[in-house]
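Reading the structure
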Amino acid sequence: MINCKALESDILVIGAGIAGCCAALEAGLAGKKVTLISKIPPLHAHSVSARGGINVSINESDAAAHIKDTLEAGDGIGNKDAIKMMCENAPTHLLWLEKLGVHFSKNDSGTYQNKAFGGSKIARACFSKDRTGLAIMITLIKQIKKNPNITLLDQMMAVKLLRYERQILGAQVFHLRDTRCYKFLANAVILATGGGLNVYQQNTNAVSTTGDGLALAIEVGAALRDMEFVQFHPLGLRKTGIQIPEPVLAAGGRILDASGARLLERFYPDKLELAGRDKVSIAIAKELIKNPQNELFLDLSNVPKDKEYAIKEAEKIAETFLNVDIKQHKVSIAPSAHYLMGGVSSDIECHALDHQYGIVNGLYVAGEAACNGVHGANRMGGNSLLEVVVFGRKAGRNAAKYSANKPVISEKTTLLDIPFGKNNLDIGEITQRLKSSMSKNAAVIRCAKSLDDQIAIIEQLKMMLCEYKINDSSLRYNPQIKQYFELKSLLTISSAICYAAKQRQESRGAHYRTDFENSRDYAGVNSVVYKNDNGLLQSGLVKEKLGEE
């Protein structure tokens, strides 16, 4: 065990992607002392990979169409209040980003250029060239570094939330560089750690996105909500999972089968490739299961000249990773785990909630780590960047207000427990088995048997991890320590996905079961996974309550 050094601030923000940076900035501007921690340099955050754009109805008369498109994409699971608030306030947040220094692409007339994502009936995604997420991150980091109230620390990994009675009062953190342990005490904690889809072999997530925040939250009484809804991007490069940005489909891209026929004509002849990410990914997965020896291809040869701006990023990706001109050569694709609609159960004010919708005092959550119902059963492309800004800022403001209530601080010494020792287990092999089995049993298409099989595998892997010892006893730059804690999180996330998927005995949105191919009477019903009084995972279905407050 390693002793911890105590540090204090008003607000502790865990995760320095766009949601975390927005939260820290708002709390800092409110005059609060903020500590913002990240296990990686912020400009390596997954937010940077969000290239396509941010949905804003700024070129429309109002947000009605944006709200309608988002509700339809959510397939009966979306929280109407959260969606309405997000969409109606989108223009205000876009202008806030511009005021901070983000430059969005505009036409010669001065109006915003827009891209269309699948599920949107109107092109409304504003973008900054082909690097929208990066442009926003660079701007936020500049503002944070200028704010004297905010301390930004990277190479810091939170491994436990600290709780005194029913109050969250900080986190146990270790420094990845030298394994020094810290007890960060705070009046409020904000989780903004992203999703956790590195549980899958083929995914589009940054390697650091391992569901840490979700695993931290469930240990202190928060529930994980709607975890069965895992969005798979239809345009993942086969074998690598690297995604081709979705706007190429709205620009005229086609998905072809091995014979050269247009695949979506057989599934959705009216909407074709613009049927929505969930539908397109499921169609691709069905075809690949039916004909596993064949490949499916993305064809951009028919994109008209006036739409070529929408495929610039795709050209760069194909050139970098495949050494081909994507306008001249078709590329092989397969669905890739992309976005977690589920997450820590939360309300519209970003409070973390337990399985009965009770507030976990002092704990806030924002971004992909959160589930407030804004995406429902399937996220519409272009809404993720909007969500992280809107709810990241709200989490920061609300945590700042709450932090005026000084919590009782526990004086108990906290120790970091690391299982040093000798054995023959390889943590890389355990992780690899988890990824490959999740991709086989709980991917785009599932059924009761495959989920039961996967739950059994996960339980076996958890037992193996209990026996695992870290052979390298060095405290400086020891990657085994980080891998150990990350695998603990990944196993928790995998269990939650499978438990929730078993509960939802229907196909809806991104969740497709071969044994329940149609939707049933589960609209407005959410899954919850939580730890009971005995510390065991428990799951169930509950009627949506957040819109009734």
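Note on numbering: residues in each chain are counted from 1, in written sequence order. Confidence filtering applies because this is a predicted model: local features only for residues at pLDDT of at least 70, side-chain atom pairs given and counted only at 80 or more, and all residues used for totals across whole chains, interfaces and linings. Hydrogens and waters are ignored; side-chain quantities use all the structure's heavy atoms.

What to know about the sheet that holds strand β11 (residues 230–237)
To keep it simple, the criterion reads: If DSSP finds at least two bridges between two strands, the strands pair. Helix and strand labels come from DSSP, where a helix needs a run of H or I of at least four residues and a strand needs a run of E of at least two; each type is numbered from the N terminus. Axis angles are defined between N-to-C directions and span 0 to 180 degrees, where every axis is a line fitted to C-alpha atoms and, for a helix, only to the segment in contact.
The strand order across the open sheet built from four strands is β11-β14-β13-β12, with neighbouring strands paired in antiparallel fashion. Both outer strands of the open sheet, β11 and β12 (254–256), are each paired with one neighbouring strand and no more. Direction aside, neighbouring strands of the sheet carry axes that sit 50 degrees apart on average. Relative to strand β14 (residues 331–340), β11 runs antiparallel, the two sharing six bridges. Its bridge partner lying in β14, Leu237 is registered against Ile333.

Some words on the sheet that holds strand β15 (residues 343–345)
Taken in spatial order, the five strands line up as β18-β15-β10-β22-β23 in an open sheet, and their pairing is mixed. Looking at strand neighbours, the two that pair on one side only are β18 (370–371) and β23 (537–543), the edges of this open sheet. Judged from the seven bridges that link them, strand β22 (residues 525–531) and β23 form a sheet pairing that is antiparallel. Within β23, the position partnered with Val528 by the bridge is Gly540.

Points about the nonpolar core
Convention followed: Residues belong to one nonpolar core when they are buried, are Ala, Val, Leu, Ile, Met, Phe, Trp, Tyr or Cys, and are joined through side-chain atoms within 4.5 Å. Burial status follows relative accessibility: with a 1.4 Å probe on protein chains alone, a residue under 20% of its type maximum counts as buried, one over 50% as exposed, and anything between as partly exposed. Residue contacts are counted whenever heavy atoms from the two residues lie within 4.5 Å of one another.
Ranked by internal contacts, the top residues of the largest apolar core, which has 76 residues, are Ile14, Leu161, Tyr200, Met227, Leu363, Met438 and Phe485. Among the elements that line this core, the one with the most residues is helix α14 (residues 479–503), at twelve residues. Excluding residues that lie within four positions of it along the chain, Phe485 makes contacts with Met157, Val159, Phe174, Leu416, Asp417 and Ile418. The next biggest cluster of nonpolar side chains, apart from the first, holds 55 residues, and it includes Ile11, Cys22, Phe104 and Cys350.

Section: the environment of Ala314
Tracing the backbone shows Ala314 in helix α10 (residues 312–322). The class of Ala314 is buried, set by a relative accessible area of 1%. With 269 residues separating them along the chain, Ala314 and Ala45 place their C-alpha atoms 21 Å apart. If we skip the residues at most four places from it in the chain, Ala314 touches Ile244, Pro245, Val248, Leu300 and Ile326.

Details of helix α13 (residues 448–467)
Filter applied, for reference: Expected span of a helix, by definition, is 1.5 Å for each gap between consecutive residues, and there is one gap fewer than residues. Note that the arc is computed from the directions linking the helix axis to the C-beta atoms.
End to end, α13 covers 29 Å across 20 residues, agreeing with the expected 28 Å (1.5 Å per residue, within 8%). Among the residues of α13, Ser450, Leu451, Gln454, Ile455, Ile457, Ile458, Leu461 and Leu465 are the ones counted as buried. With its buried residues spanning 165 degrees around the axis, α13 presents them on a single face. Across from the buried face of α13, at angles greater than 90 degrees, the exposed residues are Lys449, Met463, Cys466 and Glu467. On its buried face, α13 is in contact with α12 (427–441), β20 (445–446), α14 and β21 (512–513).

Quick look at the packing of α12 against α14
Threshold: Orientation categories follow fixed angle ranges, with anything under 35 degrees roughly parallel, anything over 145 roughly antiparallel, 65 to 115 roughly perpendicular, and all other angles oblique. It is the rotation of the near helix from the far one that decides the hand of a crossing: anticlockwise by less than a right angle makes it left-handed, clockwise makes it right-handed. Residues are grouped as follows: nonpolar covers Ala, Val, Leu, Ile, Met, Phe, Trp, Tyr, Cys and Pro; charged covers Asp, Glu, Lys and Arg; every other residue, Gly included, is treated as polar.
Interhelical geometry of α12 versus α14 gives an angle of 20 degrees and a closest axis separation of 11 Å. On the basis of the axis angle, α12 is roughly parallel to α14. In the crossing of α12 with α14, the sense of the turn from one axis to the other is left-handed. In this structure, α12 contributes Ile427, Ile430, Thr431, Leu434 and Met438 to the contact, and α14 contributes Gln483, Tyr484, Leu487, Leu490, Leu491, Ser494, Ile497 and Cys498. Residues belonging to the contact of α12 with α14 are distributed by class as follows: ten nonpolar, three polar and no charged.

Description of the pattern of salt bridges
Any two side chains of opposite charge can pair, on the condition that their charged atoms come close. Basically, it comes down to this: When a carboxyl oxygen of Asp or Glu lies within 4 Å of a side-chain nitrogen of Lys or Arg, that pair is called a salt bridge.
Summed over all chains, the structure comprises 31 salt bridges. One salt bridge in this structure joins Lys121 and Asp69, with 3.5 Å as the shortest N-O distance. Here the residue Lys121 occupies a position in the loop between β4 (114–115) and β5 (125–126), and Asp69 occupies one in helix α2 (residues 64–74), the gap between them amounting to 52 residues. On the basis of relative accessible area, Lys121 is assigned to the exposed category, the value being 54%.

Observations regarding a positive patch on the surface
Convention followed: For patches, a residue must show more than 30% relative accessible area and have no salt bridge; joins then use 9 Å for like charges and 5 Å for nonpolar side chains, namely Val, Leu, Ile, Met, Phe, Trp and Tyr. We get accessible surface area from the Shrake-Rupley algorithm with a probe of 1.4 Å; when it comes to residues, only the shown protein chains can shield them. In this tally, Lys and Arg are treated as positive and Asp and Glu as negative; His is ignored, and so are the chain termini. A single reference atom marks each charge: NZ on Lys, CZ on Arg, CG on Asp, CD on Glu.
On the surface, a cluster of positive charge is made up of Lys129, Lys305, Lys312 and Lys316. For Lys312, a relative accessible area of 39% puts it in the partly exposed group.

Some details on the pairing of strand β2 (residues 34–37)
In β2, alternate side chains face the same way, and those of Val34 and Leu36 on one face and Thr35 and Ile37 on the other are all buried. As paired elements, β2 and strand β6 (residues 150–153) share four bridges and run parallel to each other. Residue Leu36 lies in a different strand from β6, and its bridge partner there is Leu152.

Comments concerning the side chain of Ser281
Checked against the element boundaries, Ser281 lands in helix α9 (residues 277–290). In this structure Ser281 touches Phe232, His233, Pro234, Pro335 and Val444, once residues within four positions along its chain are discounted.

A short note on the packing of α13 against α14
For the pair α13 and α14, the least separation of the axes is 10 Å and the interaxial angle reads 155 degrees. As judged from the angle between their axes, α13 and α14 are roughly antiparallel. Our pair here, α13 against α14, has a crossing hand that is left-handed. Across from Leu451, Asp452, Gln454, Ile455, Ile458, Glu459, Leu461, Lys462 and Leu465 in α13, the residues of α14 making contact are Tyr484, Leu487, Lys488, Leu491, Ser494, Ser495, Cys498, Tyr499, Ala501 and Lys502. For the contact of α13 with α14, a count of residues per class yields eleven nonpolar, three polar and five charged.

Structural notes on the pairing of strand β7 (residues 156–164)
Bridge analysis of β7 against strand β8 (residues 167–175) gives eight bridges, and the strand direction is antiparallel. Paired with Met156 across the two strands is His175, which belongs to β8. Two successive antiparallel strands, β7 and β8, enclose a turn made up of two residues, where Glu165 displays a positive phi of approximately 55 degrees.

Describing the environment of Lys99
One can find Lys99 in helix α4 (residues 90–100). Among the residues examined, Lys99 registers a relative accessible area of 75% and is labelled exposed. Here the alpha-carbon distance between Lys99 and Leu491, two residues 392 residues apart in the chain, equals 42 Å.

Honestly, it's all geometry; don't read function into it.
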